[in-house]
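Residue-level structure breakdown
In case you want the letters, here they are:
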Amino acid sequence: MELIGNDKVGILSEKFDVKQLARDIATNKDLQLNDSSFMVVSIDKIIERFQLWKQQLPMIEPFYAVKCNTDPVLVRILATLGCGFDCASREEIDIVMNTGVTADRLIYANPCKTRSFIAHAMQRDVRMMTFDNAEELVKVAKLHPNAEMILRIAVSDPTATCPLNLKFGCDPVLVAPQLLKKAYDEGVNVVGISFHVGSGCNDATAYKVALQHAKNLCEIGEGFGFKMDIIDMGGGFPGSEHKNSFENIAQVIREAIDEFFPDTEKRLIAEPGRFFAAAPFSLVANIIHATEVPASKITKNEKDGGDSGYMYYINDGVYGSFNCILFDHVHPTGGPLFDQDSDQKFVSTIWGPTCDSLDLVEDKKMMCKLQVGDWMYYPDMGAYTIAASTTFNGFARPSMIYVMTENVWNSKIKDSRHI
Ligand SMILES: *Cc1c(COP(=O)(O)O)cnc(C)c1O
């Protein structure tokens with residue numbers, strides 16, 4: 001056991017399988033006393049994701065989007081690896097800087113900032129920040145004379161799971177050049193262009209289109225005397241297996257950089273959120289109740305009336321980690337933590353624990369029969385899950401169990417000042 005911040009981390013002598021580890025933990029619980037849900041957090045996996053980024057996009061500095069998951073160990077490990085951070089509020093700035101990350105490794109990437117937070121950023125000397133409207137320039141001119149502004153343009157993959165451009169980003173052709181002029185008139189320093197193609201991007205060409213606009217706008221900005229040396233590619237990178245793989249997106253981006261910014265001296269950055277946060281967190285929830293029902297109650301199909309179905313109630317739901325079903329438009333799929341003896345499958349519903357019928361985790365799922373006290377396992381549960389979870393109805397958040405292998409601890413983490 002070692003400490004990262006205030007959190008205990010289990011150090012294992014050998015490489016481990018997360019699901020097997022979850023089984024060992026579950027087996028050792030006395031369910032009469034403690035059947036609470038938990039997450040296994042693999043720090044090796046965080047490091048693996050960081051290395052994958054460095055391998056595929058070595059020319060782009062990642063600034064982890066903290067809103068995705070503010071877990072203190074995740075933040076400290078990324079800080080140790082040299083990651084930058086994308087913060088959107090005073091609180092997020094403080095979370096990151098209080099682990100010892102310096103202001104030059106932060107971007108305040110919220111185009112519509114609270115005035116007192118701008119003053120706070122000024123005080124802590126956070127300079128890089130985004131804007132997409134003239135009113136924000138007026139606010140910043142008054143409150144933060146050292147700000148280094150990055151103009152956010154709207155370039156969207158309309159098929160992304162969570163498009164963001166309804167709310168943020170200006171039109172790259174009609175509006176962006178006017179905002180560069182406005183910044184010049186207000187005496188605000190602009191240093192680059194940013195975009196976010198949408199979280200859960202499905203169409204990698206959106207990055208290429210955005211980079212082409214960024215190139216044009218850099219030239220326009222340079223015409224006003226701005227240095228325009230930062231290109232911020234935002235987020236949208238998948239957190240796990242996805243029909244548009246990270247490798248594919250990375251290739252499109254590398255080619256677009258070669259085309260639009262050859263031999264560039266520019267500083268290339270991005271703000272991946274789910275790319276780092278999703279895969280390292282696996283949720284294990286307990287079945288606190290199981291009821292046999294006619295299959296037709298679940299399938300709404302009269303003809304299924306003779307067969308049995310099952311309704312299970314687990315101790316995490318949409319008011320907890322599974323809020324991602326509502327807010328992040330994803331459908332997590334889990335399965336029994338332990339292999340079952342019988343292959344026979346029944347139509348099943350997995351409910352969350354609260355007294356709200358909205359609290360539905362998985363519907364009409366074909367699954368073998370489980371009992372009260374059995375465990376369900378959900379991988380890839382780190383992105384946009386705990387960050388927006390509540391304890392509604394008195395159901396606690398899962399506890400975090402952090403693990404890593406000994407040689408990774410010794411070689412990469414132990415001596416970091418962020419630990
Ligand atoms: C949410 C957000 C991100 C992270 O998006 P992912 O799709 O999780 O990578 C990055 N930048 C900004 C400005 C965001 O709002």
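The protein has the name ornithine decarboxylase in an unreviewed UniProt entry, where Caenorhabditis angaria is given as its organism. Check the Subunit (unreviewed entry) section of the UniProt entry for the protein; it says "Homodimer. Only the dimer is catalytically active, as the active sites are constructed of residues from both monomers." Checking UniProt for the protein, the heading Sequence similarities (unreviewed entry) contains the comment "Belongs to the Orn/Lys/Arg decarboxylase class-II family."

So, about the domain arrangement of the protein. When the domains of the protein are assigned, the result is domain 1 (2-41 + 282-406) and domain 2 (44-277). Each of domain 1 and domain 2 has a C-alpha centre, and the two are 34 Å apart. If you look at the interface, domain 1 gives 18 residues, while domain 2 gives 16 residues. Buried area between domain 1 and domain 2, both sides added, is near 1,500 Å², and the carbon and sulfur share of it is 57%. Where domain 1 meets domain 2, there are one salt bridge. Between R274 and D328 there is a salt bridge, with its nearest N and O atoms 2.9 Å apart. If you look at where domain 1 meets domain 2, you find five residue pairs in polar contact (both at pLDDT 80 or more). Residue composition of the side of domain 1 that touches domain 2, by class: 11 nonpolar, four polar and three charged.

Another aspect to go through is the side chain of T405. If you trace the backbone, T405 turns up in strand β18 (residues 399-405). Ignoring any residue separated from it by four or fewer positions in sequence, one finds T405 in contact with I11, L12, E14, K15, F16 and D44.

Counting through the fold element by element, K266 comes out in the loop between α9 (246-260) and β11 (267-270). Look at K266 and you get buried, because its relative accessible area is 18%. Here the side chain of K266 touches E222 through a polar contact of 3.5 Å, side chain to side chain. A polar side-chain atom of K266 sits 2.8 Å from the main-chain carbonyl oxygen of M228. Ignoring any residue separated from it by four or fewer positions in sequence, one finds K266 in contact with C218, E222, M228, D229, I231 and F261.

Thresholds applied
Residues numbered from 1 in each chain as written. Predicted model: local features only at pLDDT ≥ 70, side-chain atom pairs only at ≥ 80, totals over all residues. Heavy atoms only, no water. UniProt positions renumbered as here; feature names shortened; annotations may be inferred. Domains from an automatic or database assignment. Contact = heavy atoms within 4.5 Å. Buried area = accessible area lost by both parts, 1.4 Å probe. Salt bridge = Lys/Arg side-chain N within 4 Å of Asp/Glu carboxyl O. Polar contact = N/O pair within 3.5 Å; in protein donor to acceptor, adjacent residues only side chain to side chain. Nonpolar A, V, L, I, M, F, W, Y, C, P; charged D, E, K, R; others polar. Helix = DSSP H or I, 4+ residues; strand = E, 2+ residues; numbered from the N terminus. Buried < 20%, exposed > 50% of the residue type's maximum accessible area, 1.4 Å probe, protein only.

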